[in-house]
Amino acid sequence: MAAGAAALLALAGTGVSARAASTTAAVSPPCRDFQAYACADWVRAHPLAPDESYETPTQLLRRENARRLSALLADAARPGGEKTPAERALGGLYAACLDTGTIEAAGLGALQAELDAIAALNAKPQLPAATAALHALGARVFFSFVPAPASDDPARTVAVIEPPGFAMPAQYYLPEHRRERAAYRAYLAAVLRLLGDPPARAAREADGVLAFETRLADASQLRTVKERDDPRATGVETPWAAFAASQPDFDWNAYRAAAGAPRTPTVELGLPRYVRDLDTAMRATPLPVLKAYLRARLVRRYARLLPRAFRETDFAFFERTLRGQRAPPSRTDVCASLTARLLPGPLGRLYARRYVSPAKEAAARLLAADLKAAMADDLRAASWLSARTRRSALRKLEAMKVLVGGPPPERGGLFPVSRGDVLGDAMRGERRFAARRLRRVGTRASRSDWQGRRAWDVGGSYSRLANALFLPAGSLQPPLFGGGGGAAADYGGLGVIVGHEITHAFDAHGRLYGPDGALQDWWTPPDAAAFRARAACFESQYSAFAVAPDPDRPGRSLRVNGARTLDEDIADNGGLRVAFSAFERARRREGAAAGTERGFFLSFARLLCVDDTVRDLQRMVEVNEHAPERARADVPLADFRPFRRAFSCPEGAAMAPAKTCRVW
């Protein structure tokens with residue numbers, strides 16, 4: 001093996017990109033691979049647990065929040081004491097979920113009636129009503145029918161039909177993913193056998209379901225640049241009557257009536273081609289295969305509330321095979337997650353009373369204001385933007401709402417809970433949630449709506465349709481925020497997350513939405529061309545990044561797909577720059593108490609520490625829209641000259657390359 005190739009493979013395991021292969025060992029560790037340098041102690045202190053496939057500081061914070069929720073729920077489940085109706089419902093559902101003995105004895109319980117209803121289908125015209133019943137139970141079958149803001153007027157809520165999400169990532173249905181396809185076929189056959197099918201029939205049905213889902217997964221792919229980059233090519237609002245008449249093999253009127261959805265004059269197609277291909281696939285697929293598909297998807301939704309054989313079959317494929325996880329999640333985590341999903345409002349109120357600090361919320365608002373001011377400075381200084389586009393961008397930034405903490409208390413939100421029937425409880429909760437969600441179709445929406453986000457969520461997010469930035473209370477905690485490291489830690493942590501999300505308002509997709517979230521392309525053609533030229537630099541830069549050796553191809557490396565991760569890569573780079581500018585603003589205000597530049601960069605990199613299984617890393621490289629943490633840390637820092645000055649990295653070192661990329 002040539003010396004250069006050997007160096008590349010050695011570096012691949014550390015996360016250093018191919019561009020760094022010539023770096024000499026004489027360069028200081030921070031300048032060779034900053035993520036490895038910053039995270040060495042963290043990785044030693046946090047070995048991967050058997051029930052995890054992926055560990056980061058943010059994941060640890062999510063688990064800490066899950067433990068907090070479990071503690072709140074355990075208190076609510078404890079007998080005795082004065083409890084509110086909400087606490088009784090929360091405690092009852094949590095306790096019923098923990099009672100695996102009763103779950104084992106109940107077998108399929110309340111789910112059996114739904115499985116029998118599927119078995120009783122004897123003609124395809126019955127599928128619309130059956131689909132509506134399964135959607136009400138949370139099962140992802142055939143398509144998704146959900147309320148969402150209208151593209152032309154985000155304050156107007158319309159029904160949107162789009163792909164439903166699949167058992168595997170859509171890419172894994174492609175023929176080259178033989179390992180995943182074979183494992184999924186085996187999983188399907190195992191589930192159908194558990195439901196009572198003879199082995200030979202279960203095997204045939206599994207083959208048919210895999211073929212059917214493969215057609216749907218293929219139909220869901222965005223194949224053209226226009227589909228990927230222009231929401232007007234996918235979010236197509238059309239008259240309901242014309243749409244229903246164009247799909248003669250599936251009675252959409254019957255579906256809407258059975259679902260209990262409001263009768264609105266239009267519907268939005270998230271991907272028009274998918275609906276057409278779905279109609280063709282359903283017509284070509286025998287009814288017994290479609291029934292097997294429905295049964296398998298229903299069992300998947302409730303697998304963790306079913307007897308042990310179903311739970312183990314589910315874990316073996318979805319966690320062990322796809323993610324490399326060695327043990328299933330704890331029962332307390334499963335039950336806290338279930339209760340949080342079905343009773344988010346009541347649990348959110350308990351969480352907010354215990355963990356939301358007004359002082360921290362005020363500090364987070366100040367941080368967000370600093371980030372917005374820094375982004376405004378960056379927009380004013382961007383010489384590649386025309387004056388007209390710059391003015392539009394600044395207007396959009398000024399109109400951007402910042403929502404901190406969590407959604408306001410909702411009215412109602414409870415449903416009957418029986419401690420002896422968690423499966424029935426969950427099904428009642430899913431039906432209540434589905435009915436409440438569908439009632440939103442045809443109503444007016446608010447830009448202050450948290451859109452399903454919860455107070456205990458971790459990480460910021462940005463909504464293009466609301467032009468709003470969301471910072472849930474679960475994020476206002478160490479190591480993201482408020483850990484005592486001053487502004488260097490806060491702005492290098494939560495500040496970078498906020499900066500990342502803000503830049504999404506001005507990327508290739510954000511540019512198509514105006515200040516109020518309505519579709520509006522406010523860039524000039526020369527500005528768009530300049531953006532694409534700068535973006536191309538990132539695409540090639542990230543595509544050269546070797547993350548780790550490929551487990552399936554000895555001698556080769558897993559590399560970032562720079563085309564797929566482009567939007568997030570640009571946001572990572574822009575978020576770091578904007579957050580650093582905001583940190584400098586805070587340092588001018590606070591003086592030495594704010595901390596140092598080195599502290600800022602270390603805080604940033606330490607949020608991207610990671611320990612993961614090879615399979616989970618492979619899955620991320622193959623399907624995730626974000627680059628792996630190794631690239632997300634090192635590439636933005638290597639592109640940023642204040643970093644190399646802070647750590648005295650010589651020109652040409654891995655973390656100080658001659659060529660750099662920049663948009664914001």
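Residues numbered from 1 in each chain as written. Predicted model: local features only at pLDDT ≥ 70, side-chain atom pairs only at ≥ 80, totals over all residues. Heavy atoms only, no water.

Some details on the overall build of the protein
Our working definition: A helix here means a DSSP run of H or I that spans at least four residues, while a strand means a run of E at least two residues long, and both kinds are numbered starting from the N terminus. With the radius of gyration taken over C-alpha atoms, the globule rule is written as 2.2 Å times the number of residues to the power 0.38. Each residue is placed in one exposure class: buried if its accessible area under a 1.4 Å probe, protein chains only, is under 20% of its type's maximum, exposed if it is over 50%, and partly exposed if it falls in between.
When helices and strands are counted, the protein shows 29 helices and 11 strands. Taking 664 residues into account, the globule formula puts the C-alpha radius of gyration at 26 Å, and the protein, at 26 Å, falls close to it. Dimensions along the principal axes, computed over C-alpha positions, put the protein at roughly 70 × 60 × 60 Å. Taking all 664 residues of the protein together, 55% fall into the buried category.

With respect to the state of the cysteines
Selection rule: Sulfur atoms of two cysteines make up a disulfide when they are within 2.5 Å.
What the rule picks out here adds up to four disulfides. Residue pairing for C31: its cysteine sulfur links by disulfide to C649, the two sulfurs lying 2.1 Å apart. Since a negative S-S torsion denotes a left-handed disulfide, the C31-C649 link at about -90 degrees is left-handed. Here C649 lies in the segment after α29 (641-646) and C31 lies in helix α2 (residues 29-32), a separation of 618 residues in the sequence. You'll find C31 and C649 in the same group, each marked buried. With its sulfur 2.0 Å from that of its partner, C39 forms a disulfide with C609. Disulfide C39-C609: the torsion about the S-S bond is -90 degrees, which places it as left-handed. You can see C39 sitting in helix α3 (residues 34-45) and its partner C609 sitting in the loop between α26 (597-606) and β11 (611-612), a full 570 residues away along the chain.

Here's the deal with the sheet that holds strand β3 (residues 157-162)
In any sheet, the strands associate via hydrogen bonds between backbone groups, in a parallel or an antiparallel arrangement. Formally: A pair of strands is labelled paired if DSSP reports no fewer than 2 bridges between them. Each axis is a line fitted through C-alpha atoms, taken for helices only over the stretch in contact, and angles between the N-to-C directions span 0 to 180 degrees.
The strand order β2-β3-β5-β4 describes an open sheet built from four strands, whose pairing is mixed. A strand with exactly one partner marks an edge of an open sheet, and here the two such strands are β2 (144-149) and β4 (236-239). In this sheet, adjacent strand axes meet at a mean angle of 40 degrees when their direction is disregarded. Bridge count between β3 and strand β5 (residues 266-269): two bridges; the pairing is parallel. Opposite I161, over in β5, you have L269 as the bridge partner.

Things to note about helix α27 (residues 614-623)
For clarity, the threshold we go by: When checking whether two residues touch, look at their non-hydrogen atoms; a contact exists if any pair is within 4.5 Å.
Of all the 10 residues making up α27, seven are buried; the element is thus mostly covered by neighbouring parts of the structure. Among the residues making up α27, those that are buried are D616, L617, Q618, R619, M620, V621 and V623. The elements touched by buried residues of α27 are β1 (54-55), α16 (308-323), β9 (546-549), β10 (557-559), β11 and α28 (629-638).

Brief notes about helix α20 (residues 387-399)
How we decide: Expected span of a helix: the number of residues minus one, times 1.5 Å. Each direction from the helix axis to a C-beta atom contributes to the arc, which is the arc of those directions.
With 13 residues, α20 should reach 18 Å at 1.5 Å per residue; the first-to-last C-alpha distance of 19 Å fits that figure. Those residues of α20 lying buried are T389, R390, S392, A393, K396 and L397. Taken down its axis, α20 places every buried residue within 165 degrees of arc, on the same side. Looking at the buried side of α20, the elements it contacts are α19 (358-381), β7 (461-463), α23 (494-503) and α24 (525-543).

Focus on the packing of aromatic side chains
For clarity, the threshold we go by: Centre distance within 6.5 Å is the pairing criterion for rings of Phe, Tyr and Trp, where only the six-membered ring of Trp is used; planes under 30 degrees apart are then read as stacked, over 60 as edge-to-face, and the remainder as tilted. Lysine NZ or arginine CZ positioned within 6 Å of the ring centre and within 35 degrees of the ring normal marks a charge as sitting over the ring.
Summed over all chains, the structure comprises 43 aromatic pairs. Judged by centre distance (4.6 Å) and plane angle (50 degrees), the ring pair of F143 and W252 falls under tilted. On the criterion of sequence distance, the pair formed by F143 in the loop between α8 (127-136) and β2 and W252 in helix α13 (residues 252-259) is long-range, its members being 109 residues apart. Given a relative accessible area of 2%, F143 falls into the buried group. Using a relative accessible area of 3% as the deciding quantity, one classes W252 as buried. On the basis of an interplanar angle of 70 degrees and a centroid distance of 6.1 Å, the ring pair of W522 and W523 is categorised as edge-to-face. With respect to burial, W522 and W523 carry one shared label: buried. An aromatic cluster is defined as three or more aromatic residues linked by ring pairs; in this entry it consists of F34, Y37, F580, F583, F600, F601, F640, F643 and F647. The ring of F318 has R300 sitting right over it, with the charged end atom 3.6 Å from the ring centre. One cation-aromatic arrangement involves R453 over F470; the distance from NZ or CZ to the ring centre is 4.0 Å.

Overview of the pattern of salt bridges
Rule in force here: We count a salt bridge whenever a side-chain nitrogen from Lys or Arg sits within 4 Å of a carboxyl oxygen from Asp or Glu.
Within this structure, the stated rule accounts for 40 salt bridges. Across the salt bridge formed by E319 and R304, the nearest N and O atoms sit 3.3 Å from each other. Here the residue E319 occupies a position in helix α16, and R304 occupies one in the loop between α15 (287-302) and α16, the gap between them amounting to 15 residues. Using a relative accessible area of 10% as the deciding quantity, one classes E319 as buried.

Quick notes on the sheet that holds strand β6 (residues 401-405)
If you walk across this open sheet you meet the three strands as β6-β8-β7, and the pairing is mixed. For this open sheet the edge positions go to β6 and β7, each flanked by a neighbour on one side alone. Mean inter-strand twist for the sheet, computed between neighbouring axes without regard to direction, equals 20 degrees. For β7 and strand β8 (residues 468-472), the ladder comprises three bridges, and the chain directions are antiparallel. If you follow S461 over to β8, its bridge partner there is F470. Strands β6 and β8 of the sheet are contacted by α19, whose axis makes an angle of about 155 degrees with β6. With respect to the sheet, α23 is in contact with β7 and β8, its orientation differing from that of β8 by roughly 155 degrees.

Some remarks on the confidence of the model for the protein
Low pLDDT marks stretches whose predicted atomic positions should not be read closely. Stated formally: Known as pLDDT, the predictor's per-residue confidence is scaled from 0 to 100.
Confidence in the prediction of the protein, expressed as mean pLDDT, is 91, and 94% of residues score 70 or more. Long-range and interchain partners of residues 1-25, a stretch whose pLDDT sits below 50, account for 53 contacts in this model, where long-range means more than four residues apart.

Some points on the environment of R156
Note the following rule: Pairing of N or O atoms within 3.5 Å defines a polar contact, subject to two protein rules: one partner must be a possible hydrogen donor and the other a possible acceptor, and residues neighboring in sequence count only if both atoms are side-chain atoms.
Assignment of secondary structure puts R156 in the loop between β2 and β3. As for R156 and T58, which are separated by 98 residues in sequence, their C-alpha atoms are 35 Å apart. Side-chain polar atoms of R156 contact the side chain of D152, separated by 2.8 Å. There is a polar contact of 3.0 Å between the side chain of R156 and the side chain of E237.

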